[in-house]
Amino acid sequence: MNRKLTVGSLVPSSVVVNQQHKTSTPPGIPKTVSRTAISGIRLIQDGNVYEVSFIPGKNLLESGLDNGIPLKYKCRKGSCGVCKIRLISGAGLLTEANKRERKLLSDDVKAGYRLACQATMGPSAIDD
Ligand code: FES
């Protein structure tokens, strides 16, 4: 008899195996987020217009760089302002500007400017 044994065949039926893939999710990002990139964010930096596919769990800068978009940045901490961008569309997909953005950008936040290294995906962009 040529019987194949699999891992599942060795686990008693009374044992529940958790096969959920574990990933590290940054604070503030729900763990139920789809891992599919979300498009629809258009932005301008230094006169160049880019469309960014937002990658859940990553901020706007990281998503842009992962998409091959040559966004300028330096500190990645919200203190230098080099990653400053202006949103053309998709602002509703992002969280509100955080304290660092409001401090550095001041009234520019109201005009649609954000720090790409601080802008993260908001709840409206999350799949149900
Ligand atoms: S890279 Fe310095 S504020 Fe974003």
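Caption draft 1: Looking closely at the overall build of the protein. For the protein, the count of helices and strands is three helices and four strands. Taken from the N to the C terminus, the helices and strands of the protein come in the order α-β-β-α-β-α-β. The buried share of the protein, taken over its 128 residues, is 21%. Taking as baseline every contact in the protein between residues at least 6 positions apart, the subset at least 24 positions apart corresponds to 54%.

Caption draft 2: Here's a closer look at the confidence of the model for the protein. When pLDDT is averaged along the protein, the result is 78; 66% of the residues meet or exceed 70. The weakest mean pLDDT in the protein belongs to helix α1 (residues 7-10) at 49; the strongest belongs to strand β4 (residues 113-115) at 98. For the stretch residues 11-26, pLDDT sits under 50, and the model shows four contacts to residues farther than four places along the chain or on other chains. The low-confidence segment residues 28-35 (pLDDT under 50) makes 11 contacts with residues lying over four places distant or belonging to another chain.

Caption draft 3: Layout of the environment of Arg-100. In this structure, Arg-100 sits in helix α3 (residues 99-105). Through-space distance from the C-alpha of Arg-100 to that of Leu-115 is 8.8 Å; in sequence the pair is 15 residues apart. Leave out the neighbours within four places in its chain, and Arg-100 touches Gly-78, Ser-79, Leu-115 and Gln-118.

Caption draft 4: Molecular detail of the environment of Gly-47. Secondary-structure assignment places Gly-47 in the loop between β1 (38-45) and β2 (48-54). Once the C-alpha coordinates of Gly-47 and Arg-86 are considered, the two residues, 39 residues apart in sequence, prove to be 9.9 Å apart.

Caption draft 5: Here's a closer look at the environment of Asp-108. Residue position: Asp-108 is located in the loop between α3 and β4. Once the C-alpha coordinates of Asp-108 and Arg-86 are considered, the two residues, 22 residues apart in sequence, prove to be 8.9 Å apart.

Caption draft 6: Looking closely at the nonpolar core. Judged by nonpolar contacts, the single largest core of 17 residues is most densely connected at Phe-54, Leu-60, Leu-61, Cys-83 and Ala-116. Put simply, the parts of the chain that give this core at least two residues each are β1, β2, α2 (60-66) and β3 (84-89). Apart from the residues lying within four places of it in its own chain, the contact partners of Leu-60 are Val-52, Phe-54, Ala-116 and Ala-119.

Caption draft 7: Fine view of unusual backbone geometry. Even without a glycine there, the phi angle at Arg-76 is positive, about 65°. Within the element layout of this structure, Arg-76 appears in the loop between α2 and β3. For Ser-106, which is not glycine, the phi torsion reads 55° and is therefore positive. Relative to the helices and strands, Ser-106 resides in the loop between α3 and β4. Among the residues examined, Ser-106 registers 10 C-beta atoms within 10 Å and is labelled exposed.

Reading the values: rules and limits
Residues numbered from 1 in each chain as written. Predicted model: local features only at pLDDT ≥ 70, side-chain atom pairs only at ≥ 80, totals over all residues. Helix = DSSP H or I, 4+ residues; strand = E, 2+ residues; numbered from the N terminus. Buried ≥ 20, exposed ≤ 12 C-beta atoms within 10 Å, placed from the backbone. Contact = placed C-beta atoms within 7 Å. pLDDT = per-residue confidence, 0-100. Core = buried A, V, L, I, M, F, W, Y, C linked by C-beta atoms within 7 Å.

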